[in-house]
Amino acid sequence: MQLSKAEEELMNILWKLKKAFMKDLLDAYPEPKPATTTVATLLKRMTDKGFVAYTPFGRSREYYPTVKKKEYFSRHVNGLIKNFFNDSPGQFASFFTQETGLSKEELEDLRQLIDQEIKKK
């Protein structure tokens, strides 16, 4: 399952805070802040999707992510590679390095990362 753009924005806040009550979430939003009902609806959807859970405290709820940020984005990138690059990491790497306007220094940094991963295998 994927998150909508608005859900991803809220999820990023929750990943950063680790645990948060509604007030904490609203305070963390940049201006213009969404309505409380909007955030409540997003939290309900994200809970139904299994990305968020909560601990009740009286009439309040403390929300927390159930999926790690790295895990979510790893699945997201793998889905992009599968759906848009014929399940070919090479095609993705070619597109990424040619179309993102990376500097020579950034490309060399990527090469170092790749070389490090090759040594681990």
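Everything quoted here is computed from the prediction, not taken from an experiment.

K.L.:
Run through the side chain of Glu 62, naming residues and quoting values.
P.N.:
As for its position among the elements, Glu 62 is in strand β2 (residues 60-65). Buried within the structure, Glu 62 lacks any salt-bridge partner; its nearest side chain of opposite charge belongs to Lys 19, at an N-O separation of 4.6 Å. In this structure, Glu 62 is in contact with Lys 19, Ala 20, Phe 21, Ala 53, Tyr 54, Thr 55 and Phe 57, ignoring residues within four places of it in sequence.

K.L.:
Give a detailed account of the packing of helix α1 (residues 5-17) against helix α4 (residues 69-84), specifying residues and quantitative values.
P.N.:
Between α1 and α4, the shortest axis-to-axis distance is 11 Å and the interhelical angle comes to 150 degrees. On α4, the residues that touch Glu 8, Asn 12 and Trp 15 of α1 are Lys 69, Tyr 72, Phe 73 and His 76. Per-class residue counts for the contact of α1 with α4 are 3 nonpolar, 2 polar and 2 charged.

K.L.:
Lay out the nonpolar core in plain terms, naming residues and giving numbers.
P.N.:
By size, the foremost hydrophobic cluster in this structure holds 20 residues, and its most contacted members are Leu 10, Leu 25, Leu 43 and Val 52. Broken down by secondary-structure element, the contributors of at least two residues to this core are α1, α2 (22-28) and α3 (36-49). Looking at which element gives the most residues to this core, the answer is α1, with 5 residues. Excluding residues that lie within four positions of it along the chain, Val 52 makes contacts with Met 11, Leu 14, Leu 43, Met 46, Thr 47, Tyr 63, Tyr 64 and Thr 66.

K.L.:
How would you summarise the pairing of strand β1 (residues 52-57) if you had to cite specific residues and measurements?
P.N.:
Note that β1 and β2 share 6 bridges and pair antiparallel. Across the sheet, the residue bridging to Tyr 54 is Tyr 63, located in β2.

K.L.:
Can you explain the packing of aromatic side chains? Please cite residues and give values.
P.N.:
By the definition in use, this model includes 9 aromatic pairs. A centroid spacing of 5.1 Å and a plane angle of 80 degrees characterise the contact between Tyr 72 and Phe 73, whose relative ring orientation is edge-to-face. Given the relative accessible area of 3%, Tyr 72 is considered buried. With a centroid separation of 5.4 Å and an interplanar angle of 50 degrees, the aromatic rings of Phe 85 and Phe 95 are classed as tilted. Here Phe 85 is found in the loop between α4 and α5 (89-99), whereas its partner Phe 95 is found in helix α5, with 10 residues between them in sequence. The class for Phe 95 is partly exposed, based on a relative accessible area of 44%. Ring pairs connect the aromatic residues Trp 15, Phe 51, Tyr 72 and Phe 73, which therefore count as one cluster.

What counts as what
Residues numbered from 1 in each chain as written. Predicted model: local features only at pLDDT ≥ 70, side-chain atom pairs only at ≥ 80, totals over all residues. Heavy atoms only, no water. Helix = DSSP H or I, 4+ residues; strand = E, 2+ residues; numbered from the N terminus. Buried < 20%, exposed > 50% of the residue type's maximum accessible area, 1.4 Å probe, protein only. Lys, Arg positive; Asp, Glu negative; His and termini not counted. Salt bridge = Lys/Arg side-chain N within 4 Å of Asp/Glu carboxyl O. Contact = heavy atoms within 4.5 Å. Axes fitted to C-alpha atoms, helices over the stretch in contact; angles between N-to-C directions. Nonpolar A, V, L, I, M, F, W, Y, C, P; charged D, E, K, R; others polar. Core = buried A, V, L, I, M, F, W, Y, C linked by side-chain atoms within 4.5 Å. Pairing = 2+ DSSP bridges. Phe/Tyr/Trp six-rings, centres within 6.5 Å; stacked < 30°, edge-to-face > 60°.

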